[in-house]
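A closer look at the structure
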Amino acid sequence: MPQSTLTVLIIIAAVLLLAVFIAAIALGIRAERRRRLAETLEKRRDDEVQYAFIINPSKPQAATQRLHIQEFCRSKGLNRIRFYDTQLDKDGRACALEALEDGADVVIAVGGDGTVRTVASAVSGTGHALGIIPIGTGNLFARNMGIPVDDIDAALTVATSHGSRLVDMGRLRLLDHPEDDHGHAFLIIAGIGFDAAMIDDTDPALKANISWLAYFVGGIKNLFAPKFRGNLTITSADGSTHSIKNLDFRTIMAGNCGQIPVFSLMPAASYDDGILDFEIIDTTGGILGWANLFGDVVHQTITGKPEQNPLSTNSTVEQVQGITAEITLEKPAKAQVDGDMLPETKHIRFSVDQRALIVRVPDTSTLKTAQVAAANATSDFAETTSILEPVK
């Protein structure tokens, strides 16, 4: 056998062995996480209150999961449950408002990030808890909360037992659409410009098959689209304002959670710090600029810091924190909230409802109690946590 062929075979074998070793470590870590989660859930107390399950019937597994939920609740002795189906003319927010009016104590979103954010929009600020049963393609908010995305019984146990955390709720208001009666909620990331165009051009069927990777296809379609121009004003937590006029950019995003599968878009973003992380992105030089931008994202994912790759030459990523941001554009642009498209707009405002949403989570080791939310509750019910007695 020629020496060169032998060398190639040795390299291939070494790569395969390394891949097997890494896979074994990953499986071991996953098994350990499952074991710890099981131990944690065994200690939780079931909460026998009235539950409303808001379910997206368009999800392929929705019918099966509905039956599973009914059986799970029956086995736990949780008999006060009711289902509400989202429809084309009745989103999760409308269903959740109806459920609260019907006396629900805990509202549980059964679906993907879109269902979760619309249900959360109604539950936020009421003193009621939000549970999540993730059956979407991305389930990004559930992942950021540590809620199991591949074990429905574990997710149901979390949603129907004591243990909650206060999180912030982002809002995007279309200031040139007076027909909107509320700010559009987001729990992960909202944006205007390239990110929204990318999402809008993503094939739903492809997304159903390959999940979030489908967004790359939508992104390629918009690499050479014109830039956006407008005026931007950001208000910091101390009340000071910072304005930029005639700003050219590719996209402006506001983040409540910055982690997506594989990458960290906003390493400093925290879902319970009372502020939003704004990211202003621009590129020049065609493909070179986008390649530089990808390098920036990889760099901050590895370092865990909101900073650019020092080798970047044709991309800029400005990151700043604040409580509001207002953008006025020269021309209308597409906007999105947690992957849901909004009408084209020239004038928007990002804002944050600080620690207004109570979410049932598996890990309450750094629990924020429900007292803050209960103080502003619009109902006489407030969530019980592992620390507090029920607040009436």
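Residues numbered from 1 in each chain as written. Predicted model: local features only at pLDDT ≥ 70, side-chain atom pairs only at ≥ 80, totals over all residues. Heavy atoms only, no water.

1. Considerations on the overall build of the chain
The helix and strand tally for the chain stands at 11 helices and 14 strands. Counting across all 392 residues of the chain, residues that qualify as buried make up 49%. Residue pairs in contact within the chain that sit at least 24 positions apart in sequence constitute 69% of those at least 6 positions apart. Surface exposure of the chain reaches about 18,600 Å², of which carbon and sulfur atoms provide 56%. (Helix = DSSP H or I, 4+ residues; strand = E, 2+ residues; numbered from the N terminus. Buried < 20%, exposed > 50% of the residue type's maximum accessible area, 1.4 Å probe, protein only. Contact = heavy atoms within 4.5 Å. Areas by Shrake-Rupley, 256 points an atom, 1.4 Å probe, with all protein chains shown as cover.)

2. Structural notes on helix H6 (residues 152-159)
Where burial is concerned, most of H6 is hidden: 7 out of the 8 residues are buried. Taken as a whole, H6 has its buried residues at Ile152, Ala154, Ala155, Leu156, Thr157, Val158 and Ala159. Regarding H6, its N-cap is Asp151, as a side-chain oxygen of that residue lies 3.3 Å from the backbone nitrogen of Asp153 further along. (Polar contact = N/O pair within 3.5 Å; in protein donor to acceptor, adjacent residues only side chain to side chain.)

3. Considerations on unusual backbone geometry
Within the chain, Asn246 stands out as a residue other than glycine whose phi angle is a positive 55°. Position of Asn246 among the secondary structure elements: in strand S9 (residues 241-249). Asn246 gets classed as exposed once you look at its relative accessible area, which sits at 52%. Backbone geometry at Arg355 places phi at a positive 45°, although glycine is not the residue there. Locating Arg355 in the fold gives a position in strand S14 (residues 340-360).

4. Overview of the packing of helix H2 (residues 62-76) against H6
To describe two helices that pack against each other, one gives the angle between their axes and the distance between the axes. Where H2 contacts H6, the two axes come as close as 11 Å, and the packing angle between them is 55°. By the angle between their axes, H2 is oblique relative to H6. Remark: the crossing between H2 and H6 carries right-handed chirality. The residues of H6 that touch H2, namely those facing Gln65, His68, Ile69 and Phe72, are Ile152, Asp153, Leu156 and Thr157. Looking at the contact of H2 with H6 residue by residue, the class counts come to 4 nonpolar, 3 polar and 1 charged. (Axes fitted to C-alpha atoms, helices over the stretch in contact; angles between N-to-C directions. Parallel < 35°, antiparallel > 145°, perpendicular 65-115°, else oblique. Left-handed = near helix turned anticlockwise from the far one by under 90°. Nonpolar A, V, L, I, M, F, W, Y, C, P; charged D, E, K, R; others polar.)

5. Quick look at a nonpolar patch on the surface
A surface patch of nonpolar side chains, about 360 Å² in accessible area, is lined by Ile210, Leu213, Phe216 and Phe294. Position of Ile210 relative to the elements: it lies in helix H8 (residues 204-210). (Patch = residues over 30% accessible without salt bridge, like charges linked within 9 Å, V, L, I, M, F, W, Y side chains within 5 Å. Salt bridge = Lys/Arg side-chain N within 4 Å of Asp/Glu carboxyl O.)

6. Things to note about helix H10 (residues 287-303)
The end-to-end C-alpha distance of H10, which contains 17 residues, comes to 24 Å, matching closely the 24 Å that a straight helix rising 1.5 Å per residue would cover. Burial in H10 covers these residues: Gly289, Trp290, Asn292, Leu293, Gly295, Asp296, Val297, His299 and Gln300. As for H10, its buried residues are in contact with helix H7 (194-200), strand S11 (276-283) and strand S12 (315-322). Positive backbone phi, approximately 70°, marks Gly304, located one or two places after H10. (Expected span 1.5 Å × (residues − 1).)

7. A word on the packing of aromatic side chains
Taken as a whole and judged by the stated rule, the model has 7 aromatic pairs. When the ring of Phe263 is compared with that of Phe294, the centres are 5.8 Å apart and the planes differ by 75°; the resulting orientation is edge-to-face. Here Phe263 is found in the loop between strand S10 (251-255) and S11, whereas its partner Phe294 is found in helix H10, with 31 residues between them in sequence. Given the relative accessible area of 15%, Phe263 is considered buried. Taken together, the ring pairs connect Tyr51, Phe53 and Phe83 into an aromatic cluster. Across the ring face of Phe83, the terminal group of Arg66 is positioned such that the distance to the ring centre comes to 5.3 Å. (Phe/Tyr/Trp six-rings, centres within 6.5 Å; stacked < 30°, edge-to-face > 60°. Lys NZ or Arg CZ within 6 Å of the ring centre and 35° of its normal.)

8. A few points about the pattern of salt bridges
Throughout the structure, instances matching the rule amount to 10 salt bridges. Between Lys90 and Glu98 there is a salt bridge; the shortest N-O distance is 2.5 Å. Residue classification places Lys90 among the partly exposed positions, given a relative accessible area of 23%. Its relative accessible area of 28% is what places Glu98 among the partly exposed residues. Across the pair Arg117 and Asp340 runs a salt bridge, and its minimum N-O distance is 2.9 Å. On the criterion of sequence distance, the pair formed by Arg117 in helix H4 (residues 113-123) and Asp340 in strand S14 is long-range, its members being 223 residues apart. Classification of Asp340 by relative accessible area gives partly exposed; the value is 24%.

Interpretation in functional terms is not warranted from these geometric data alone.
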